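# Working through the structure, step by step
Next come the chains, spelled out residue by residue.
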Amino acid sequence: MTDTGFRDSIPRHLIYALGTDPQNATLGDWRIALSLAVRDRLVDAWLASARAARQAGAKRVYYLSMEFLIGRLLEDAIINLRLEEEVRAALAALGLSADEVIADEPDAALGNGGLGRLAACFMESLATLGVPAFGYGIRYEHGLFRQSFVEGRQVEEPEDWLTQVHAWEFRRRDVRLRLCFGGEVVDEGGKPVWHGAEAVMAQAYDTPMIGWQGKWANALRLWSAEPLHGFDLDRFNRGDYAAAAEPEALARTISRVLYPDDTTERGKELRLKQEYFFTAASLQDILRRFEAEGGALADLPKKAAIQLNDTHPAIAGPELVRLLHDERGMALDQAIETARGCLSYTNHTLLPEALERWSEDLMTRLLPRHMQLIERIDAAHAAEKPDRKVALVQEGEVRMGELAFVMAHKVNGVSALHTGLMKQTVFEELHRLHPDRIVNETNGVTPRRWLFSANPRLSRLISGTIGEGWVCDLERLCELEPQLDDAAFLDAYAGAKRANKADLAGWLAAEHGVQIDPEALFDVQIKRIHEYKRQHLNILETIALWQEIKANPNAPWVPRVKIFAGKAAPGYVFAKEIIRLINDVAAVVNADLETNRFLKVVFLPNYNVSLAERLIPASDLSEQISTAGKEASGTGNMKFALNGAPTIGTLDGANVEIRDRVGEKNFFLFGMTTDEVVARRAVPDHARQAIAADKRLGGALKAVSQGVFSPRDRHCYRGFVGNLTGHDYFLVCSDFTAYWDAQRRVDAAFAEPAVWWPMAARNTARTGWFSSDRTIRGYMADIWGASSLDPA
Ligand SMILES: *Cc1c(COP(=O)(O)O)cnc(C)c1O
């Protein structure tokens, strides 16, 4: 293809691909035209990568995940292809602003939060490292809901990202696989044969995931459910239009929505169908590829490393055994061994309500052959470990965590603390039986998106100081260390942060009508709203601070803006109460002329990847305040530290490892440890005791329960306060005093630029280890046995 440059290529796509006259083109039209022009530049590298992997007969990594929270793709592609300058110039020549065009793209919100974002960071790192890989998931018609607020309450609207042209995907007409549900298993000549009652087609759509400098690209293959046959022409011709369309509607239900809840099981049957749908389609695809390249089935583990991101694809164990044993005649024991050689499983949570279990009845109804195979797998495990007590089916339920564990050759936790707790709690017995199976792979984030692209000012400063090598070798940030006491460097570092904050303040004023002081401390908590993440601890401290400022308005307060963002699962009533309370507090506090020079509260709607990219580079303080033992790792914590926002946090998840690296003086630690949490919960009346011991906490709770923030409905937070004083499972009250004190240490440090900026800069210089490149290298070495084909 001759390179005529973007200047020609963008209008050409606009006219010939979209059929749009440049004179009438909207911003969206131009954005799609630009996306197609950029896409042209990556397709060659993408096809070449696939060809190289085939020719090398390389082992592929297959990452199976119910969620891929990839966000916007245009900017990512421009950055990784290093086309920033060219695109800017071409758009300027067309009279367009690159920032506006890029911001026009809707986020692909195919995930709830951290788990889905991790999958997206992994896809980017796999491509950057040149590892042949596929991501496999579901092409949800409606991603995570769009959040807005009405009178402070969360309102959910359907996300319809696919109603626009999605420029990044390729529908693979030749990759259409048939899948069954239900029916029965019959004995045919001594062989069990599954006759499904219902069938759907899984249609593949591929989105290229391009690595740094465009050298390698892998496919994210998402499955869309379609009916076996188009529609029923007979019925249609008889005038029965609704019935004619029925099979289509039923099939499509499977890929219609992403369940907006990552911690509790709901919509049971449909959810299990979704899990089987994408897992079975992916395994068929993997075997098809393996068989096309030739080789004995027993060698499958040499060619395919299949990672299960949480238990959602845990049905992969029995399904792969079924494909090998029932459909290809491999002996059962060998099929189990072979499947285990391929499979590995990442555990993401120790919350008991989030460990998936399916009733035996449902499993038998939907996947009768799999239910039999689960029992055979369990029996084989019992034969191998006669003293085993954990069964895969207990009290009429199939335990998906245990199933994933038993069928995996490696099981990993996502931070050192979490992996240790896994061994002591959920998988205690399985760990004793298989002491080499559990490994740790601490999460990471991709530095291309979370530093290079999101924070161009800081990136330029870093590259100007140590060169650009850090972008794909993030631990080189430690080369900044000699600069950390240099006044000129620290000035420049502070200057980049100040400019980012001024941008954010301008955007908040323009988009949300909120005025904030760019010199104030930007204190940011953005993540899913969940009791264990304790946004309510933060808002109670905010209330107490407001009361204290009112009592001493002339004290030298450090101005603060408390920024929140995050979605609550639609059925999670208490989380929604937290959102409403934060919004109600914001309304009262922001209108208080006595205090609002010092304190503002902002809750931004519709948290997603793009909002995170906007907020994190402009943050001063990272709120990571979960009840110790509950946050498996966190990745938000890493993004903030890298961008120079020190953490106020508990000893939980990867906070522990962040603190180890940045140094205890550069981390605002507070709160109970995991062991102390367990001990504290056993104290009767722990919450009331904590409230009695801290006047500030008592005062804040009193204001909430008396309706200070809900003047039109004074008693609406009685239940909320009752929960905290009576129950308080997540120990908000017991950690309050320590949190308050830590916040005052933050104030003191922020008030001293000579203290604050070296601390912030140390967070950047010392968190290079949290690159997802490092995490992926860990998986490659410890779990997958995969290698890089990067030509470089
Ligand atoms: C990083 C990220 C998360 C994960 O945040 P945690 O603080 O680790 O829970 C969730 N959502 C989005 C959009 C993210 O970018």
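Residues numbered from 1 in each chain as written. Predicted model: local features only at pLDDT ≥ 70, side-chain atom pairs only at ≥ 80, totals over all residues. Heavy atoms only, no water.

### Digging into the overall build of the chain
Keep this limit in mind: Comment: elements are numbered from the N terminus, with helices defined as DSSP H or I runs of at least four residues and strands as E runs of at least two. The globule rule used here is 2.2 Å times the number of residues to the 0.38 power, and the radius of gyration it is set against is calculated over C-alpha atoms. Burial here depends on accessible area, computed with a 1.4 Å probe over protein chains only, as a share of the maximum for the residue type. Under 20% is buried, over 50% is exposed, and the range in between is partly exposed. Computed with the Shrake-Rupley method and a 1.4 Å probe, the accessible areas treat only the protein chains shown as cover for residues.
Each helix and strand counted, the chain has 32 helices and 24 strands in total. Taken over the C-alpha trace, the chain has a radius of gyration of 27 Å; the compact-globule value for 792 residues is 28 Å, and the two agree within 12%. Taken along the three principal axes of its C-alpha coordinates, the chain extends 90 × 70 × 65 Å. By the burial criterion, 62% of the 792 residues in the chain qualify as buried. As displayed, the chain offers around 29200 Å² of accessible surface, 50% of which is attributable to carbon and sulfur atoms.

### A word on helix α20 (residues 487-512)
Note on helix geometry: an α-helix contains 3.6 residues per turn, so any two residues three or four positions apart are oriented the same way. How we decide: How far a helix is expected to stretch is found by multiplying one less than its residue total by 1.5 Å.
Helix length check: α20 (26 residues) gives 36 Å between terminal C-alpha atoms against 38 Å at 1.5 Å per residue, within 8%. Taken as a whole, α20 has its buried residues at F489, L490, Y493, A494, A496, K497, N500, K501, L504, A505, W507 and L508. Following α20 by one or two positions, G513 adopts a phi angle in the positive range, close to 65 degrees.

### Some remarks on the site of the ligand
Quick note on the threshold: If a single non-hydrogen atom of a residue is within 4 Å of a molecule or strand, that residue counts as near it. What qualifies as a polar contact is a pair of N or O atoms within 3.5 Å, subject to a donor-acceptor requirement within protein and to the restriction that residues adjacent in sequence count only when both atoms come from side chains.
The full set close to the ligand counts 16 residues, and K527, K533, T635, G636 and K639 are the nearest of them. Within the side chain of K533, an N or O atom sits 2.8 Å from an oxygen atom of the ligand. Separating an oxygen atom of the ligand from a backbone N or O atom of G636 is a distance of 3.0 Å. Considered on its own, the ligand offers 390 Å² of accessible surface; in the complex 96% of this is hidden by protein. Where the shell around the ligand is concerned, the elements lending two or more residues are α6 (114-128), α23 (609-615) and α24 (636-642).

### Description of the sheet that holds strand β17 (residues 410-413)
Here is the rule: DSSP calls a pair of strands paired once it identifies at least 2 bridges connecting them. The axes used here are C-alpha line fits, helices contributing only the stretch in contact, and every angle between their N-to-C directions lies in the interval 0 to 180 degrees.
With mixed pairing, nine strands are arranged side by side in an open sheet as β7-β10-β11-β4-β1-β12-β13-β17-β18. A strand with exactly one partner marks an edge of an open sheet, and here the two such strands are β7 (170-181) and β18 (438-440). Within this sheet the neighbouring strands show an average axis-to-axis angle of 25 degrees, counted without direction. Of the strand pairs in this sheet, strand β4 (residues 133-138) and strand β11 (residues 217-226) are connected by five bridges, and their pairing is parallel. Paired with I138 across the bridge in β11 is W223.

### Comments concerning empty space enclosed by the protein
Note the threshold: Residues are said to line a cavity or pocket when one of their atoms sits within 4 Å of a point; the points come from a 1 Å grid over protein atoms alone, cavities being sets where a 1.4 Å probe fits but cannot get out and pockets being open sets with protein on both sides within 12 Å along at least five of seven lines. Grid points are joined across faces, edges and corners, and a volume is the space filled by probe spheres set on the points. Following the grouping adopted for this structure description, the nonpolar residues are Ala, Val, Leu, Ile, Met, Phe, Trp, Tyr, Cys and Pro, the charged ones are Asp, Glu, Lys and Arg, and the polar ones are all others, Gly among them.
Under the criterion given, the structure shown has eight cavities of 30 Å³ or more. Looking at the second largest cavity, its volume works out to about 160 Å³. For the second largest cavity, the lining is made up of 15 residues, of which L73, D76, P208, M209 and I210 are closest to its centre. Among the elements of the structure, α3 (74-80), α6 and β10 (198-210) are those that each provide at least two residues to the lining of the second largest cavity. The leading source of residues in the lining of the second largest cavity is α6, at four residues. Of the residues assigned to the lining of the second largest cavity, the class counts are 10 nonpolar, one polar and four charged.

### Topic: the nonpolar core
Most often, soluble globular proteins keep nonpolar side chains buried together rather than apart. Selection rule: For our purposes a nonpolar core is just a set of buried Ala, Val, Leu, Ile, Met, Phe, Trp, Tyr and Cys residues, chained together by side-chain atoms within 4.5 Å. Where each domain starts and ends follows an automatic or database-derived domain assignment. Here a residue-residue contact requires only that any non-hydrogen atoms of the pair lie within 4.5 Å.
Core analysis: the largest hydrophobic core is formed by 139 residues, its most contacted members being V38, W223, F277, I306, L320, M363 and W784. Per-element accounting of this core gives the leading share, 10 residues, to helix α9 (residues 268-292). Looking at this core, you find at least three residues from each of domain 1 (1-56 + 86-105) and domain 2 (57-71 + 107-443 + 776-784). Here F277 is in contact with L179, F181, V200, M201, A202, W223, S224, A225 and I254, once residues within four sequence places are set aside.

### Some words on the sheet that holds strand β16 (residues 397-399)
Read across the sheet, three strands follow the order β14-β16-β15 without closing on themselves; strand pairing throughout is antiparallel. Sheet topology places β14 (357-359) and β15 (393-394) at the edges, where each strand pairs with a single neighbour. Bridge count between β15 and β16: two bridges; the pairing is antiparallel. Paired with Q394 across the strands is E397, a residue of β16.

### Brief notes about the UniProt feature "modified residue: N6-(pyridoxal phosphate)lysine" (unreviewed entry) in the chain
The condition is simple: UniProt positions are given in the numbering used here, feature names are shortened, and annotations may be inferred rather than shown by experiment.
Taking the numbering used here, the UniProt-annotated feature "modified residue: N6-(pyridoxal phosphate)lysine" (unreviewed entry) corresponds to K639. With respect to the element layout, K639 can be found in helix α24. Ignoring sequence-local partners within four residues, the contact set of K639 consists of R117, V445, W450 and I616.

### Re the pairing of strand β9 (residues 191-195)
It is a general feature of regular strands that their side chains alternate between the two faces of the sheet. Sheet topology places strand β8 (residues 184-188) next to β9; five bridges connect them, and they run antiparallel. Bridge pairing in β9 links V185 to W194. The loop that links β8 with its antiparallel partner β9 comprises two residues; one of these, G189, has a positive phi angle of about 60 degrees.

### Overview of a nonpolar patch on the surface
Heads up, the rule is: Patch members must show over 30% relative accessible area and no salt bridge, and they are joined within 9 Å when carrying like charges or within 5 Å when they are nonpolar side chains of Val, Leu, Ile, Met, Phe, Trp or Tyr. We define a salt bridge as a contact between a side-chain nitrogen of Lys or Arg and a carboxyl oxygen of Asp or Glu at a distance within 4 Å.
Residues L233, F236 and Y241 make up a contiguous nonpolar surface patch of about 310 Å² in total accessible area. Mapped onto the secondary structure, L233 falls in helix α7 (residues 233-237).

### Quick word on the packing of aromatic side chains
Short version of the rule: Ring geometry is summarised as follows: Phe, Tyr and Trp rings, the Trp one being its six-membered ring, pair when their centres sit within 6.5 Å, and such pairs are stacked at plane angles under 30 degrees, edge-to-face over 60 and tilted between the two. For a Lys NZ or an Arg CZ to count as sitting over a ring, it must be within 6 Å of the ring centre and within 35 degrees of the ring normal.
All told, the structure shown has 25 aromatic pairs when counted by the stated rule. Look at F670 and Y739: their rings are 5.0 Å apart centre to centre, the planes differ by 45 degrees, and that puts the pair in the tilted class. Here the residue F670 occupies a position in the loop between β24 (668-669) and α26 (674-681), and Y739 occupies one in helix α30 (residues 732-750), the gap between them amounting to 69 residues. Taken together through their ring pairs, the aromatic side chains of Y62, F134, Y136 and W223 make up a single cluster. Directly above the ring of W769 sits R774, whose terminal nitrogen or CZ lies 3.6 Å from the centroid.

### Considering the layout of surface pockets
Roughly 1200 Å³ of internal volume is contained in the largest pocket. As for the largest pocket, its lining consists of 34 residues, of which E75, D99, S453, A454 and P456 are closest to the centre. If you list the elements that add at least two residues to the lining of the largest pocket, you get α3, α4 (84-93), α5 (98-103), α18 (447-453), α19 (456-466), α20 and α23. Counted by class, the lining of the largest pocket contains 13 nonpolar, five polar and 16 charged residues. Two domains each put at least three residues into the lining of the largest pocket: domain 1 (1-56 + 86-105) and domain 3 (500-770).

### Some points on the environment of R762
Structurally, R762 can be placed in helix α31 (residues 753-765). As a C-alpha pair, R762 and A244 span 518 residues in sequence and 64 Å in three-dimensional space. Dropping the residues within four chain positions of it, R762 is found in contact with E481, L484, D485, V662 and N666.

### Quick word on α19
Among the residues of α19, L458, S459, L461, I462, S463 and I466 are the ones counted as buried. Residues of α19 that are buried sit in contact with α18, α20, α24 and α31. Of the residues one or two after α19, G467 is the one with positive phi, at around 85 degrees.

### Describing the domain arrangement of the chain
For the chain, the assigned domains are domain 1 (1-56 + 86-105), domain 2 (57-71 + 107-443 + 776-784) and domain 3 (500-770). Computed over C-alpha atoms only, the centres of domain 1 and domain 3 are separated by 42 Å.

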